Amino acid sequence: MSNNARPRLLVVEDEVKVATFIKKGLETQGYLADVAHDGRQGKQMLAATEYDLAILDVNLPFVSGLELAQYIRSRNKPVPILMLTALDTTLDKLLGFEAGADDYLVKPFEFLELLARVRALLRRATPPEEVDRVLRVADLELDRDERVARRMGKTIDLTAREFTLLEYLMRNAGRVVSRVDIAEQVWDVDFDTGTNVIDVYISYLRTKIDKDAPVKLIHTLVGMGYVLKEK
């Protein structure tokens, strides 16, 4: 979190009324909120100021919200990103998460819901006093500082979302976690039984973690969820 006692948030939203509504709401809750009305201005502000959280509309003039999310991640900044969009399909959400988004809110929305997402993302971004730098399960290790995974001596490239999901599974190694658990803890979104986003990302991890390994670590328990363990 920034040196300010009050978290500073950036809102990049080209609809002036929506941006004003969000800014006023956040400020009444004690946050500092800066606003940009297009992606180019948002990128300039991100380059000049350290933010504790970014709220990005997907469809922006000049530079899209997806491109802004990628820009933030390319700078290795652990800034939580909340995407705003009128699009509500699994593919749209996957694109947002692949770009580096941490959460996804579909328009129109109630301010109280946005506020709950902001608080949850800021809470997750605040590191506990003591955390393990490297997580290990069998021959799989996850280096939280370097943001890489390794298995059988080989480095595994993970997207930001895959890394967060694998970290959650490893922190709960040996325990079955449901899709609802994953949705709440990794995505910070209300669980939607009509989406297969979680299944898709589990499949991505299996391909990268287990495909060439003699011992599979990611297991599915039908009707219950997933568990990461040796056997």
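Here's a quick rundown of the structure. One numbering rule holds for all chains: residues counted from 1, following each sequence as written. Two thresholds apply to this predicted model, a pLDDT of at least 70 for residue-level local features and 80 or more for giving and counting side-chain atom pairs, whereas whole-chain, interface and lining totals are computed over all residues. With hydrogens and water set aside, each side-chain value is computed from the structure's full complement of heavy atoms.

On to unusual backbone geometry. K107 connects to P108 through a cis peptide bond whose omega is -5 degrees. Elements are defined by DSSP. Helices are runs of H or I of four residues or more, strands are runs of E of two residues or more, and each kind is numbered from the N terminus. For P108, the position within the fold is in the loop between β5 (103-106) and α5 (111-125). The backbone of R147 sits at a positive phi, close to 60 degrees, despite the residue not being glycine. On the secondary structure map, R147 appears in the loop between β7 (140-143) and β8 (148-151).

Bringing the environment of D34 into the picture now. Within the secondary structure layout, D34 lies in strand β2 (residues 32-36). Taking C-alpha positions, D34 is 4.9 Å from L10, a pair spaced 24 residues apart along the chain. The contact criterion used throughout is that any non-hydrogen atoms of two residues lie within 4.5 Å. Apart from the residues within four sequence positions on either side, D34 is in contact with R8, L9, L10, V11, M45 and Y51. Any pair of nitrogen or oxygen atoms within 3.5 Å is treated as a polar contact; in protein, a donor-acceptor pairing is required on top of that, and neighbouring residues in sequence qualify only through side-chain atoms on both sides. Side-chain polar atoms of D34 contact the side chain of Y51, separated by 2.8 Å.

The strand order β2-β1-β3-β4-β5 describes an open sheet built from five strands, whose pairing is parallel. Each edge of the open sheet carries a strand with a single partner, namely β2 and β5. With strand direction ignored, the average angle separating the axes of adjacent strands in the sheet is 20 degrees. Here the rule is simple: two strands pair whenever DSSP picks up at least two bridges between them. For every element, the axis is a line fit to its C-alpha atoms; helices are fit only across the contacting stretch, and the angle between N-to-C directions ranges from 0 to 180 degrees.

Moving on, we come to the packing of aromatic side chains. Centre distance and the angle of the planes are the two values used to describe a pair of aromatic rings. Here a pair means two rings of Phe, Tyr or Trp (six-membered ring of Trp) with centres within 6.5 Å. Their orientation is stacked below 30 degrees between planes, edge-to-face above 60, and tilted elsewhere. For the structure on display, the rule yields three aromatic pairs. Between the NZ or CZ atom of R40 and the centre of the ring of F62, over which it lies, the distance is 3.8 Å. Any Lys NZ or Arg CZ that is within 6 Å of a ring centre and within 35 degrees of that ring's normal is treated as a charge sitting over the ring.

Here the focus is the pattern of salt bridges. A pairing counts as a salt bridge when a side-chain nitrogen of Lys or Arg comes within 4 Å of a carboxyl oxygen of Asp or Glu. What the rule picks out here adds up to 18 salt bridges. One salt bridge in this structure joins D34 and R8, with 3.0 Å as the shortest N-O distance. Taken together, the positions of D34 in strand β2 and R8 in strand β1 (residues 8-12) put the pair 26 residues apart, joining distant regions of the chain. Among the residues examined, R8 registers a relative accessible area of 22% and is labelled partly exposed. With a closest N to O distance of 2.6 Å, E167 and R144 form a salt bridge. To sort residues, take the accessible area from a 1.4 Å probe on protein chains only and compare it with the maximum for the residue type: under 20% means buried, over 50% means exposed, and anything in between is partly exposed.

Look at any regular strand and the pattern is simple: side chains alternate between the two faces of the sheet. The element strand β3 (residues 53-57) is largely enclosed, with a buried count of five among its five residues. As paired strands, β1 and β3 are joined by four bridges and run parallel to one another. Its bridge partner lying in β3, L10 is registered against A54. A clockwise path from the first strand over the helix to the second, with the strands pointing away from the viewer, defines a right-handed crossover. Once you follow β3 into helix α3 (residues 65-74) and on to strand β4 (residues 81-85), the crossover reads as right-handed.

Next up on the list: the sheet that holds strand β6 (residues 134-137). Consider a sheet: its strands pair through backbone hydrogen bonds, and that pairing is either parallel or antiparallel. Strand order across the open sheet formed by four strands is β6-β7-β8-β9, with antiparallel pairing between neighbours. Each edge of the open sheet is held by one strand with a lone partner, namely β6 and β9 (154-156). For this sheet, the mean angle separating the axes of adjacent strands, direction not counted, is 25 degrees. Summarising the sheet, β8 and β9 pair through three bridges and their orientation is antiparallel. When the bridges of β9 are listed, R150 appears paired with T155. Helix-sheet contacts for helix α6 (residues 160-171) involve β6, β7 and β8, and the interaxial angle to β7 is about 120 degrees.

Next up on the list: the nonpolar core. Remark: nonpolar core denotes a set of buried residues (Ala, Val, Leu, Ile, Met, Phe, Trp, Tyr, Cys) joined through side-chain atoms within 4.5 Å. L56, L166, I182 and L228 are the most contacted members of the largest nonpolar core, which has 52 residues in total. The greatest single-element share of this core, amounting to seven residues, is contributed by helix α8 (residues 197-209). Those residues within four positions of L56 in sequence are excluded, and the remaining contacts are V12, G65, L68, A69, I72, I81, L82, M83 and L84. Counting residues in each nonpolar core, the second largest holds 18 residues, with I22, L53, L84 and L121 among its members.

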